[in-house]
Structures are given as structure tokens and as C-alpha cells.
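Here is how the chains run, residue by residue.
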Amino acid sequence: MLLMLPILPALVEPGLNPPRGVRATPRGHLAYAEAPQQALVALDSGIQVRKNVLEQLIRLLQAAERDGVPLKVAAGFRSIEMQRAAFESGAKKKGISLRSYAWWTAPPGFSEHHTGLAVDFADPKRPKTNFTPSSFSKTEAYAWLKSHAKGFGFELSFGQNSGLRVAFEPWHWRFVGDDESRAIFAMARPGRVAQDGVPPAQ
Ligand SMILES: [Zn+2]
């Protein structure tokens, strides 16, 4: 069953209130449209990303490799249906309500992954740290991303001081390196402050 979270702008932090007409969850997730199939391209791993991201993402991965930092892409595009399945099974696994689970994962229709512009990174040498805020944030991979991702047009979406009612996601970076991507994330970006010491990308 699809749970549609009500729009309660009063529960969103001041400064992050979406403008009138923009759909958001009480935790501050904004609604995103699914990228059209023709806008997507598959990495060698089969993970799809939006074409805009590809060149800079590959440059970023090559730069990390040159610096001897283990880094891989663990997730990219997710359809609304894929998000629905992940959201519902994740909540069931944790034994909590869908509403509570939205702390950990965006409800279907509200994930930056729908755009194909958000990427989850992982440290292939330390798989236990994957998708674990307290431990991934201590990896060499995260330290490297904090210093270098901005140079490739990526910024941290959900830092420790994001002002949103969602978990810290040190692995989740969105691409804002061109006009189209900046337009897609325009509503998410105003009032952004440096998150976890990561300055916003230009
Ligand atoms: Zn993510």
C-alpha cells in the first residue's frame, strides 16, 4: 500500500520551507520526477545515472583511484517503483512504521535518486561501512569526497546540519554541475549551509 505523506510545511525547518505548490514530506524531502529512460546511461556495474553526470563522475572516480582512495558507485538512478519496494521492505526489516522509516529513506516520489543525478558512494575495501552513517563518515573515501567532490560538481545532500528531519547520509551526493541539474535541485538548495564541513558546490 502506498503511504502518501501529508504536506505539512509547518514541520519543515524555517528557511527550508518549499515554495507554495512544491510537494514535500514532513521531513523535508521534496518531490522529484523520474528521469526519462533516454536521459539515462548505464555504468559498467549496470547502475544507471543521468547522462549529465557521467563525464564528471568518471573523472571523480579516476581522480580517487589516482589518489589511492578506494571508492565505488553503489547506487544511482532509482525509479519510483524501485523506491517503493526499497522503502516498504526497509521499514518492514527495521520493524518500524513507514512514517518513521522516512528518517532513513525517502518515500517513493521523493528521492533524489529518481532524477538520476544522485549517487551513493561506497568504500569497496570496507563493505561493512556501506550505508552506515557513523562508520562511512570515518572512511578514507568520505574524507576524500569531502575535499574533492565539489570540484566535480557534486555536493552532499543530507549532511549532519541539513536542517531536514532525515538521517545523515555521508555516501549520498547529488550532481549540481550543470544548468539542468541545478534547475532540478533549485528548490532543495536555497539557504543551504556548509554541511558537515562540506561547502556547497557552485
Ligand atoms: Zn542515496
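Model, not experiment: these values are computed from the prediction. (Residues numbered from 1 in each chain as written. Predicted model: local features only at pLDDT ≥ 70, side-chain atom pairs only at ≥ 80, totals over all residues. Heavy atoms only, no water.)

A. Representation of the overall build of the chain. Assigned secondary structure in the chain consists of six helices and six strands. Looking at the chain as a whole, 48% of its 202 residues are labelled buried. Contacts in the chain between residues at least 24 apart in sequence constitute 64% of all its contacts with a sequence separation of at least 6. Working note: accessible area of the chain is about 9,900 Å², and carbon and sulfur atoms make up 55% of it. (Helix = DSSP H or I, 4+ residues; strand = E, 2+ residues; numbered from the N terminus. Buried < 20%, exposed > 50% of the residue type's maximum accessible area, 1.4 Å probe, protein only. Contact = heavy atoms within 4.5 Å. Areas by Shrake-Rupley, 256 points an atom, 1.4 Å probe, with all protein chains shown as cover.)

B. Here's a closer look at the coordination of the zinc ion. At the metal site, the zinc ion is ligated by H113 (NE2), D120 (OD), D120 (OD) and H172 (ND1), and these contacts range over 2.0 to 2.7 Å. Relative to the metal, the four donor atoms surrounding the zinc ion lie at angles of 53 to 153°, and the coordination shape comes out irregular. Mapped onto the sequence, the donors of the zinc ion take the spacing H-x6-D-x51-H. The exposure class assigned to D120 is buried, which follows from its relative accessible area of 3%. (Donors = N, O, S within 2.8 Å, 3.2 Å for Na, K, Ca; no water. Tetrahedral: all angles 85-135°; square planar, octahedral: opposite > 155°, others 65-115°.)

C. Up close: the layout of surface pockets. There is about 570 Å³ of room inside the largest pocket. Lining the largest pocket are 28 residues, with Y101, W104, T105, F131 and E169 positioned closest to its centre. Among the secondary structure elements, those contributing two or more residues to the lining of the largest pocket are β3 (72-75) and α2 (80-94). With six residues, the top contributor of residues to the lining of the largest pocket is α2. (1 Å grid on protein atoms, 1.4 Å probe; cavity = no way out; pocket = protein on both sides within 12 Å on 5 of 7 lines; lining within 4 Å. Points joined across faces, edges and corners; volume = space filled by probe spheres on them.)

D. Spotlight on the nonpolar core. Counting residues in hydrophobic clusters, the biggest one holds 35 residues, and the most contacted among them are L57, L60, F121, W144, L145, F154 and W173. At the level of elements, α1 (51-66), β4 (118-122), α5 (140-148), β5 (154-156) and β6 (172-175) are the ones that each hand at least two residues to this core. Looking at which element gives the most residues to this core, the answer is α1, with five residues. Ignoring any residue separated from it by four or fewer positions in sequence, one finds F121 in contact with L57, L60, L61, L71, K72, V73, A74, F136, L145, W171 and W173. Counting five residues, the second largest nonpolar core, distinct from the first, contains F87, A91, Y101 and A102. (Core = buried A, V, L, I, M, F, W, Y, C linked by side-chain atoms within 4.5 Å.)

E. Representation of the packing of aromatic side chains in the model. One pass over the full model with this rule turns up ten aromatic pairs. Both rings, one in Y142 and one in F168, keep their centres 6.2 Å apart while their planes meet at 75°; by these two values the pair is edge-to-face. Residue Y142 is found in helix α5, and its partner F168 is found in the loop between β5 and β6; the two are separated by 26 residues along the sequence. Look at F168 and you get buried, because its relative accessible area is 12%. Every member of this aromatic cluster is reached through a ring pair, and the members are F136, Y142, F168 and W173. Against the face of W104 rests K94, its NZ or CZ located 4.5 Å from the ring centre. Between R174 and the ring centre of F185, over which it is positioned, the NZ or CZ distance is 5.5 Å. (Phe/Tyr/Trp six-rings, centres within 6.5 Å; stacked < 30°, edge-to-face > 60°. Lys NZ or Arg CZ within 6 Å of the ring centre and 35° of its normal.)

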